[in-house]
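Report on the structure
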Amino acid sequence: MALINPHINFNGNAEEAFNFYKSVFGGEFAKIMRFKDLSRPEFPVAENEANKIMHIALPIGKNILMANDVPEFMGRTNENENRSKISISAESKEEADKLFNGLSAGGQIEMPITDSPWGSYFGMFRDKYGIEWMVDFDPNYKGKA
């Protein structure tokens, strides 16, 4: 079965955000590439962009959370967009609480994590980097969508 791996665009703080996510999820980065790693005479990289993240990947279970910084010449990404959320299916209420509390620290809680009318333990928030998340534990699925 194919896996879906979310990819996030940042305005220059991808590394900071991913160090925060790593502190919550644990693990190690599978890959970190900076724009300077791609610099060539035919593809020069501006000095102010050189250390920004071209690609970063954090394995989480069987999935990978990926991101990059958007180069300034491409414009800024909208940090208030609300078209998508990253959904986490936890394997227990305890794991759901740990992830919800860790990732929402410094952010804005949209819906506190609690038992939902549809039978799962559920909450939503926007983290301190503007990324929207949903955390869910459904005892019928135990972390399996």
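Just above sits the structure.
Residues numbered from 1 in each chain as written. Predicted model: local features only at pLDDT ≥ 70, side-chain atom pairs only at ≥ 80, totals over all residues. Heavy atoms only, no water.

**Topic: the overall build of the chain**
Applicable threshold: Counting from the N terminus, the helices are DSSP H or I runs at least four residues long and the strands are E runs at least two residues long. For each residue, the accessible area found with a 1.4 Å probe, counting protein chains only, is set against the maximum for its type, and the residue is called buried under 20%, exposed over 50%, and partly exposed in between. We call two residues in contact whenever any of their non-hydrogen atoms come within 4.5 Å of each other. Computed by Shrake-Rupley with a 1.4 Å probe, the accessible areas treat only the displayed protein chains as cover when residues are assessed. When charges are counted, Lys and Arg contribute as positive and Asp and Glu as negative, whereas His and the chain ends are disregarded. Just so you know, the charge point we use is NZ for Lys, CZ for Arg, CG for Asp and CD for Glu.
When helices and strands are tallied, the chain shows two helices and eight strands. Shown N-terminal to C-terminal, the secondary structure of the chain runs as helices and strands in the order β-α-β-β-β-β-α-β-β-β. For the chain, the spread of C-alpha atoms along the principal axes amounts to about 55 × 30 × 25 Å. Burial analysis of the chain (145 residues in total) assigns 37% to the buried set. Intrachain contacts of the chain at a sequence separation of at least 6 include 53% that bridge at least 24 residues. If you sum the accessible surface of the chain, you get close to 8,900 Å²; carbon and sulfur atoms cover 52% of it. In the chain, 16 positive and 21 negative side-chain charges are present, and the distance between their average locations comes to 3 Å.

**Remarks on the nonpolar core**
Across soluble globular proteins, you tend to see nonpolar side chains buried next to one another. Note the cut-off: Definition of nonpolar core: a set of buried residues of the types Ala, Val, Leu, Ile, Met, Phe, Trp, Tyr and Cys, connected through side-chain atoms within 4.5 Å.
Ile8, Phe10, Phe18, Tyr21, Leu103 and Trp133 are the most contacted members of the largest nonpolar core, which totals 29 residues. Among the elements of the structure, strand S1 (7–10), helix H1 (14–25), strand S3 (53–60), strand S4 (63–69), strand S5 (86–89), helix H2 (93–104), strand S7 (121–126) and strand S8 (132–137) are those that each provide at least two residues to this core.

**Remarks on the pairing of S3**
Quick reminder of the rule: DSSP bridges decide pairing: two strands pair if at least two such bridges lie between them.
Both strand S2 (residues 31–34) and S3 contribute to a ladder of four bridges, which runs antiparallel. Counted as the bridge partner of methionine 33 is histidine 55 from S3.

**Things to note about the sheet that holds strand S6 (residues 108–115)**
Test applied: As a rule, the C-alpha atoms of each element are fitted with a line to give its axis, helices using only the stretch in contact, and angles between N-to-C directions run from 0 to 180 degrees.
Strand order in the open sheet formed by four strands is S5-S8-S7-S6, with mixed pairing between adjacent strands. Two strands bound the open sheet, and with one partner strand each, they are S5 and S6. The sheet shows a mean angle of 10 degrees between the axes of neighbouring strands, direction not considered. In terms of strand pairing, S6 meets S7 through five bridges, oriented antiparallel.

**Thoughts on the pattern of salt bridges**
As a reminder of what qualifies: Salt bridges are identified by distance alone: a Lys or Arg side-chain nitrogen within 4 Å of an Asp or Glu carboxyl oxygen.
If you walk through the whole model with that rule in mind, you get eight salt bridges. Put simply, glutamate 49 and lysine 52 hold a salt bridge, and the shortest N to O gap is 2.9 Å. The exposure class of glutamate 49 is buried, given its relative accessible area of 7%. Residues joined by salt bridges that share partners form a network here, namely Lys85, Glu110, Arg126 and Glu132.

**Side note on the sheet that holds S1**
The strand order S1-S4-S3-S2 describes an open sheet built from four strands, whose pairing is mixed. Two strands bound the open sheet, and with one partner strand each, they are S1 and S2. In this sheet, adjacent strand axes meet at a mean angle of 15 degrees when their direction is disregarded. Bridging between S1 and S4 involves four bridges; their strand directions are parallel. Bridge pairing in S4 places histidine 7 opposite methionine 66. Sheet strands touched by H1: S1, S2, S3 and S4. Its angle to S3, the strand with the most contacts, is close to 10 degrees.

**As for H1**
Applied cut-off: Helix span, as expected, comes to 1.5 Å for every residue beyond the first. For this quantity, the arc is that covered by the directions from the helix axis to the C-beta atoms.
Its 12 residues place the ends of H1 16 Å apart at the C-alpha level, agreeing with the 16 Å of an ideal helix rising 1.5 Å per residue. Turning to H1, its buried residues number three or more, namely Ala14, Ala17, Phe18, Phe20, Tyr21 and Val24. Angularly, the buried residues of H1 cover 155 degrees about the axis, an arc narrow enough to put them on a single face. Contact partners of the buried residues in H1: S1, S3, S4, H2 and S8. Just downstream of H1, glycine 26 is the residue with a positive phi angle, here 85 degrees.

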